[in-house]
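Summary of the model geometry
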Amino acid sequence: MAQSIRSDHAPRSVPRLSGPGTARERLGTFVRRHKLAPYLLLAPALIGIALVLLWPLAQVAIYSFQNYGLAQITGVLPAQWVGFANFSTTFTDPEFWLSLRNSLLFAIVAVPLTLLVGTIVGLLLNRLGKKMSIFVSTAALLAWATPPVSASVLFYWMFNPDGGIVDWALARMPHWLVGGTDWAGYNWATNGPVQAYTMIAILVVWQAFPFVAVTLLAGLKTIPAELTEAARVDGASPWRVFRRITFPLLKPIYLVLLLLSVIWDFNIFTQSYIIISLGNQNEYNLSMYIYDKAFGFPPSYGLGGALALIFALILLVVTVGYVRASIRQGALT
Amino acid sequence: MTFTRSAAALGVAVALAGTAAGIAGCGSSSPSSSASSAPAKLVVWRMGGSVPSQVTWMNGVVGQFHKQYPQYSKTKVVVDWIPWGNRTTDWTNALTSGKGGPDITELGNTDTPGVASQGALANITSSVHSWSNGSQIIPGNLANDTVNGKVYAVPWFGGVRGIWYNKNQFAAAGITSPPTTWAQLVSDAKALMRKYPGTYGLGAPSDYTNAIVSFIWGAGGQVAVQQNGKWVAELNSPQSQAGIKFYADLYLTNHVSPAKYIGETELGTVGATSGGSNEDFALGKLDMYIDGPWAQSQLAAVSTKNESQWASFPIPSENGPNPAPAFAGGSDLGVWVNSTYKTAAFDLIKVMDSPANATTFANSQGFFPEFTSALSGGAYSGSAIMSGFAKAAAYTQISPLNSKNWATADATDNIIPDMMKALMQGANFTATVNKANTEMQNVLNTGSES
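Residues numbered from 1 in each chain as written. Chains lettered and ligands numbered in written order. Predicted model: local features only at pLDDT ≥ 70, side-chain atom pairs only at ≥ 80, totals over all residues. Heavy atoms only, no water.

1. Considering the sheet that holds strand β15 (residues 368-369) of chain B
Residues and elements named next belong to chain B. Threshold: Two strands are counted as paired when DSSP detects at least two bridges linking them. The numbering of helices and of strands both runs from the N terminus, where a helix is a DSSP run of H or I of at least 4 residues and a strand a run of E of at least 2.
In space, the 6 strands of this open sheet follow the order β2-β1-β3-β14-β6-β15, with mixed pairing throughout. The open sheet is flanked by β2 (76-82) and β15, the only strands paired with a single partner. With 7 bridges connecting them, strand β1 (residues 41-47) and β2 associate as parallel partners. Bridging across to β2, Leu42 finds its partner in Val77.

Here it is as structure tokens:
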């Protein structure tokens, strides 16, 4: 009796994968009926993302409500739930608002500048002959392909008060042109947020405009030549052609570039970390502020976790705005 | 357009993952065992850059270690040099990963209380008490390494900052004896700048707490004092303000320090290996430079042209004649909490820090040993460089730089450097000092600025 029951159940619980087994067919029917195939195909990727992204994210969220730090890792003090203490500490810290302001102002200046330079170069590339176009875009893409660390070190040298080429050149220019500042030995990195971010803005725009230019070039190639030709025949100026034809047609691309640039420029860490260096707190941007709070000594992963969540929420607002705009334009269909 | 949607989403995802993985990348593991067998190797973390004379000294110590403790005769001693600017990061990484840590680490004496309270160091109370030389250590310095009655490190050497100068330059500028008041200090700096156009008189980097405190103390002020077990910040007392103002005015009104030192440490920007006031002094671009005698080897590495003329005097107090109290800096040796061979590690410390070895080491590097016997007897009056520092060593203070939350106040929150930088950039004096004072009091008491 017992044996017959077992043999009766065996095929159901252990589906045989070979032969004309009914289990395999039943599994297939189950998958088809519930339309599971796409999910099964997605599963490996989802599991991977869950492991490397969602789990750390959950941990950050947990830490953000704890006083989790080095002493909790070494075990000399227990990890305690502290409610919203990490968030209130952050919001009452004037340096948090200062670094948020630095990040925002930087994005407000660097993003339009990147788009402007990118547009100009993109339009230029569209006009150039084939060989020149390849030459210019290759040169520009080399700037884009330079690793941010190398580029930052390069700029750090160029703007160095001890023999940097920028100070050297400025000191040799007439005063009526560059002002009365003592440029020889002028410390761009530590003299204040405006000076430091001027330097970083040049660096970031230099590295980011090629992507904008090349993306726009791809868009420009899709605009039918007849449109611009007809406008020119009707006597439209180049500016009018751009404003009435090129820009409206490329608007979806511009929107994407704008939001990507906002995310990138709001996020910069490598450049500011190398150029400003820790210790000049009035020049911190949000990412440096987070780094200092989370990994300075003694490290506070709780505070860092809270800050990471706040930072993520800010970026989420930008992304939601982008997705909404895209849906309204029908770009997502 | 789906491509771009996922691109944007990816941007956010990457941003999130970056912060998330960074924050969360700290699993804990703590191997705990006390193996009695001899270790194959002991790792010692030394701070700073490797200097040949220190390597020679360490080789001698290892030889003695093998001889005195035959059970360790096969133990290899590995010295890793950690740049001062990286030390807290390296300690943190070793603690959070539970791997790659040392058996023995050198610590700045202001680091020890904070690092010990984070659980990074082994409790070595009984080992120190049973160590015959332990009782000879200057008592106040051992107290600095004691947290809640437990000893976590032993003092190794001490040092004070003074002012480096060039004897030839002083003579040429008509300065007959080193200044002993602030007024003299400034007038001498200006005299040197007149004699040597293009140079600056006295470097005043804004990110230099350990020197700035001497000026606060030199006017009779305090950073903070303890009352009824609570810290009370005193940066805004009239005396402290006088010291802070004097230091800021070295740049602001007296122009004896260049603008480029604003936001810099005495060694340049944090993490940089060149371009600081130390380099300028060695090159003769800066006439007077504040630092300890330990700077000599690094200065000589930049240039030895003027080395024979280098000399030192203590940082003057506001009105003389005694010098301003100098911050009693120095290094300690501690046993790492995750070391498998804590007994062997402390045995090595006993050899490194024996009165004879500690004194040889200190003398060769421009430090002072931590043993009462070695400091008395006027051994340092013969050296131009060391005599000034030896005078300064007679007037020292360390509180509150050795309090538990000092690392947060100075390294994470940069309270004094931020204040000094803002002042040098023209911020309102009273408001800036008051803000720093409030932050200082909060951090020292609670570990948080607000």
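2. Focus: the packing of helix α13 (residues 238-267) of chain A against helix α16 (residues 301-328) of chain A
Residue and element names in this part refer to chain A. Put simply, the rule is: Axis lines are fitted to C-alpha atoms, over the contacting stretch for helices. Their N-to-C directions set the angle, which ranges from 0 to 180 degrees. An angle counts as roughly parallel when it lies under 35 degrees, as roughly antiparallel when it exceeds 145, as roughly perpendicular when it falls between 65 and 115, and as oblique in every other case. The contact definition used throughout considers only heavy atoms, calling two residues in contact when any of these lie within 4.5 Å. Gly falls in the polar group here, along with every residue not listed as nonpolar (Ala, Val, Leu, Ile, Met, Phe, Trp, Tyr, Cys, Pro) or charged (Asp, Glu, Lys, Arg).
Where α13 meets α16, the axes come as close as 10 Å, and the angle between the chain directions of the two elements is 175°. The orientation of α13 with respect to α16, classified from their angle, is roughly antiparallel. Between α13 and α16, the residues in contact are Leu255, Val256, Leu259, Val262, Ile263, Phe266 and Asn267 and Phe311, Ile314, Leu315, Val318, Thr319, Tyr322, Ala325 and Ser326, respectively. Considered class by class, the residues forming the contact of α13 with α16 number 12 nonpolar, 3 polar and no charged.

3. Some details on the side chain of Asn144(B)
Basically, it comes down to this: Side-chain atoms alone can form a polar contact between residues adjacent in sequence; in general such a contact is a pair of N or O atoms within 3.5 Å, and within protein one must be able to donate a hydrogen while the other accepts it.
Structurally, Asn144(B) can be placed in helix α6 (residues 139-144). Here the side chain of Asn144(B) touches Asn402(B) through a polar contact of 3.2 Å, side chain to side chain.

4. Quick notes on empty space enclosed by the protein
Definition in use: Grid spacing is 1 Å over the protein atoms alone, the probe is 1.4 Å, and a cavity is where that probe fits but cannot get out, while a pocket is an open set with protein on both sides within 12 Å along at least five of seven lines and lining residues have an atom within 4 Å of a point. Grid points are joined across faces, edges and corners, and a volume is the space filled by probe spheres set on the points.
Counted by the stated rule, this structure contains 6 cavities of 30 Å³ or more. For the largest cavity, the calculated volume is near 90 Å³. If you go around the largest cavity, you meet 13 residues; those closest to its centre are Tyr156(A), Asn160(A), Pro161(A), Asn187(A) and Thr269(B). Broken down by class, the residue content of the lining of the largest cavity amounts to 5 nonpolar, 6 polar and 2 charged.

5. Here's the deal with the layout of surface pockets
Size it by volume and the second largest pocket reaches roughly 1200 Å³. Taken together, 49 residues form the lining of the second largest pocket, with Asn67(A), Pro298(A), Gln118(B), Thr446(B) and Gly447(B) sitting closest to its centre. Of all the elements in the fold, those that place two or more residues in the lining of the second largest pocket are α4 (70-74), α5 (85-92), α15 (286-295) and α16 of chain A together with α4 (111-117) and α17 (406-412) of chain B. Here the residues of the lining of the second largest pocket sort into 19 nonpolar, 24 polar and 6 charged.

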